[in-house]
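# Close look at the chain arrangement
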Amino acid sequence: MGAQTWGGSCVLADLIAGDPESFGLSVAQLNAHSSEVFRILELGAGTGLVSLTIGNVLQQLKFQNTRRIEIVATDYYPRVLDNLSNNIRSNFPEGGPSSDVSIVAHPLDWSTFASEGKRDGLFNEPFDLVLGADIVYEPEHAPWIRSCLLHLLRRPSATEMPLSHLIVTKRSTHSFEANIIEKVFAMDCDPLVPCLRVVERDILTYGGDTREEVEYVYYKIGWFYPAQGRK
Ligand SMILES: C[S@@+](CC[C@H](N)C(=O)[O-])C[C@H]1O[C@@H](n2cnc3c(N)ncnc32)[C@H](O)[C@@H]1O
């Protein structure tokens, strides 16, 4: 696991490269961003295709260099993290696509993150964009990922709506995967406490012609404020 790139990463990388604006990655969005650093987190990054694609997209953009961008590609297994670090180094030997954009590999275990008393400093600040491709394939994964997002996805402001983009491959053998995300991110909210909800869901079909067609479920997850009835 983690030595191969899964279909979900290819799909997410394709979506990001095709329409960076949908991920808040256009020049106008980045220049207008309210904080000095725009922070991006990838969960269960594996080989890191999604983070590396973002690095490439940002290399093409010319945003004001008063802004910094940090991409943190995370995984759990040491072997996977070694491979991820090597991939980052071979694509960006300087540590990022430019002096304003950094990419690092870092350990993050979904199963323990929420209960860890002392976290690495990289996780002291929340993230403006969180990505995950093919990271829900056991029933416990979705609740673990929700508990990470509760700590790590920045709360919305008047002008910004931070989102987590998750792609799940639909497999006939794992019918729980898609349903569990919808259940876990649609749980009843305490009327006074913001909660995380699926704000958009799409089915995407890739392949065809000579290749087998594969369906993916694409979720955008964001904060919901029950008291105000606003997302
Ligand atoms: C199916 S692979 C997907 C990898 C990559 N996102 C892709 O699409 O190519 C799942 C990834 O989640 C990581 N993973 C599994 N359990 C984890 C955990 N508890 N915490 C963090 N990462 C985990 C694995 O090491 C693996 O890289």
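Every value quoted in this text rests on a predicted model; they were computed, and no experiment measured them. (Residues numbered from 1 in each chain as written. Predicted model: local features only at pLDDT ≥ 70, side-chain atom pairs only at ≥ 80, totals over all residues. Heavy atoms only, no water.)

Turning our attention to the overall build of the chain. Check the secondary structure of the chain and you find 7 helices and 7 strands. Counting from the amino terminus, the chain carries its helices and strands in the arrangement α-α-β-α-β-α-β-α-β-α-β-α-β-β. Against the globule reference of 17 Å for 231 residues, the chain gives a C-alpha radius of gyration of 17 Å, in line with a compact fold. Split into buried and exposed, the 231 residues of the chain put 48% on the buried side. (Helix = DSSP H or I, 4+ residues; strand = E, 2+ residues; numbered from the N terminus. Rg over C-alpha atoms; globule rule 2.2 N^0.38 Å. Buried < 20%, exposed > 50% of the residue type's maximum accessible area, 1.4 Å probe, protein only.)

Not every one of the 18 residues close to the ligand is listed here, only the nearest: W6, S9, G44, D75 and A133. One of the backbone N or O atoms of W110 is found 3.0 Å from a nitrogen atom in the ligand. The separation between a nitrogen atom of the ligand and a polar main-chain atom of A133 is 2.8 Å. Residues that form the shell around the ligand fall into these classes: 9 nonpolar, 6 polar and 3 charged. (Near = heavy atom within 4 Å. Polar contact = N/O pair within 3.5 Å; in protein donor to acceptor, adjacent residues only side chain to side chain. Nonpolar A, V, L, I, M, F, W, Y, C, P; charged D, E, K, R; others polar.)

This part covers the packing of helix α1 (residues 7-18) against helix α3 (residues 49-60). Their axes nearest at 9 Å, the elements α1 and α3 cross at an angle of 15°. Put simply, α1 runs roughly parallel to α3. Handedness of the α1/α3 crossing: right-handed. Between α1 and α3, the residues in contact are S9, C10, L12, A13, I16 and A17 and L49, V50, T53, I54 and V57, respectively. Along the lines of polarity and charge, the residues of the contact of α1 with α3 split into 9 nonpolar, 2 polar and no charged. (Axes fitted to C-alpha atoms, helices over the stretch in contact; angles between N-to-C directions. Parallel < 35°, antiparallel > 145°, perpendicular 65-115°, else oblique. Left-handed = near helix turned anticlockwise from the far one by under 90°. Contact = heavy atoms within 4.5 Å.)

Further remarks concern the environment of D209. Within the element layout of this structure, D209 appears in the loop between β6 (195-208) and β7 (211-224). Judged by relative accessible area, D209 falls into the exposed class, the value being 85%. Sequence separation of D209 and G96 is 113 residues, and the distance between their C-alpha atoms is 37 Å.

Ranked by size, the top nonpolar core spans 30 residues in total, and within it I16, L25, I40, I54 and L131 carry the most contacts. Counting residues per element, the ones that place at least two in this core are α1, β1 (37-43), α3, β2 (68-75), α4 (78-91), β3 (101-107), β4 (129-133) and β7. Sort the elements by how many residues they give to this core and α3 lands first, with 5 residues. Filtering out sequence-adjacent residues up to four positions away, I54 remains in contact with I16, L25, I40, I71 and L131. Counting 29 residues, the second largest nonpolar core, distinct from the first, contains L152, L196, Y219 and Y225. (Core = buried A, V, L, I, M, F, W, Y, C linked by side-chain atoms within 4.5 Å.)

Turning our attention to the side chain of D134. With respect to the helices and strands, the residue D134 is situated in the loop between β4 and α6 (141-152). A polar side-chain atom of D134 sits 2.7 Å from the main-chain amide nitrogen of G8. Of note is the side chain of D134, whose polar atom sits 2.6 Å from the side chain of T169. Beyond its immediate stretch of four places on either side in the chain, D134 contacts W6, G7, G8, I167, V168 and T169.

Attention now goes to α1. The periodicity of an α-helix, 3.6 residues per turn, causes residues three or four positions apart to be oriented the same way. With 12 residues, α1 ought to run about 16 Å at 1.5 Å a step, and its terminal C-alpha atoms sit 16 Å apart, in line with that. Three or more residues of α1 are buried, namely G8, S9, V11, L12, A13 and I16. (Expected span 1.5 Å × (residues − 1).)

Within the structure shown, the criterion is met by 7 salt bridges. Residues E215 and K170 are paired through a salt bridge, measuring 3.4 Å at the closest nitrogen-oxygen approach. With E215 in strand β7 and K170 in the loop between β5 (163-169) and α7 (176-184), the pair connects residues that are 45 residues apart, well separated along the chain. Classification of E215 by relative accessible area gives partly exposed; the value is 35%. Here K170 falls in the partly exposed class, since its relative accessible area comes to 40%. Taken together, the shared-partner salt bridges connect R39, R68 and E70 into one network. (Salt bridge = Lys/Arg side-chain N within 4 Å of Asp/Glu carboxyl O.)

Everything listed is a geometric property; what it means functionally is a separate question.
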